[in-house]
Amino acid sequence: MNKKRFNIIIEIAYILMGIFCIVAGLTRTSEVSSQFVWVFYALGIICFAIFAVRFISRRNMEKRNR
């Protein structure tokens, strides 16, 4: 597996993990005794931020290599 394909797989994993965390936070919010819902939201935001940084750096690396 080449490095470009591996980076794309990692980016997809971060997107899926971010979506999962946000959905888990939304489902836990509806429960009456949910205390640490903010952890799910924080992890979701962190996953989306890491995805954005990796995506932008990969795009810039591809521009430099052309």
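Residues numbered from 1 in each chain as written. Predicted model: local features only at pLDDT ≥ 70, side-chain atom pairs only at ≥ 80, totals over all residues. Heavy atoms only, no water.

Visitor: Give a detailed account of the layout of surface pockets, specifying residues and quantitative values.
Guide: The gaps of empty space that remain are located by a probe, the size of a water molecule, rolled over the atoms. Computed from the structure, the largest pocket encloses a volume of approximately 230 Å³. Together, Lys3, Lys4, Asn7, Ser57, Arg58, Met61, Glu62 and Asn65 line the largest pocket. At the level of elements, helix H1 (3-29) and helix H2 (37-65) are the ones that each hand at least two residues to the lining of the largest pocket. Counting residues per element, the lining of the largest pocket draws most heavily on H2, at five residues. Partitioning the lining of the largest pocket into residue classes produces one nonpolar, three polar and four charged. (1 Å grid on protein atoms, 1.4 Å probe; cavity = no way out; pocket = protein on both sides within 12 Å on 5 of 7 lines; lining within 4 Å. Points joined across faces, edges and corners; volume = space filled by probe spheres on them. Helix = DSSP H or I, 4+ residues; strand = E, 2+ residues; numbered from the N terminus. Nonpolar A, V, L, I, M, F, W, Y, C, P; charged D, E, K, R; others polar.)

Visitor: So what's going on with the side chain of Asn7? Which residues, and what values?
Guide: Topologically, Asn7 is positioned in helix H1. Overall, the relative accessible area of 19% leaves Asn7 in the buried class. Not counting the four nearest positions on each side in its chain, Asn7 is found in contact with Arg54 and Arg58. (Buried < 20%, exposed > 50% of the residue type's maximum accessible area, 1.4 Å probe, protein only. Contact = heavy atoms within 4.5 Å.)

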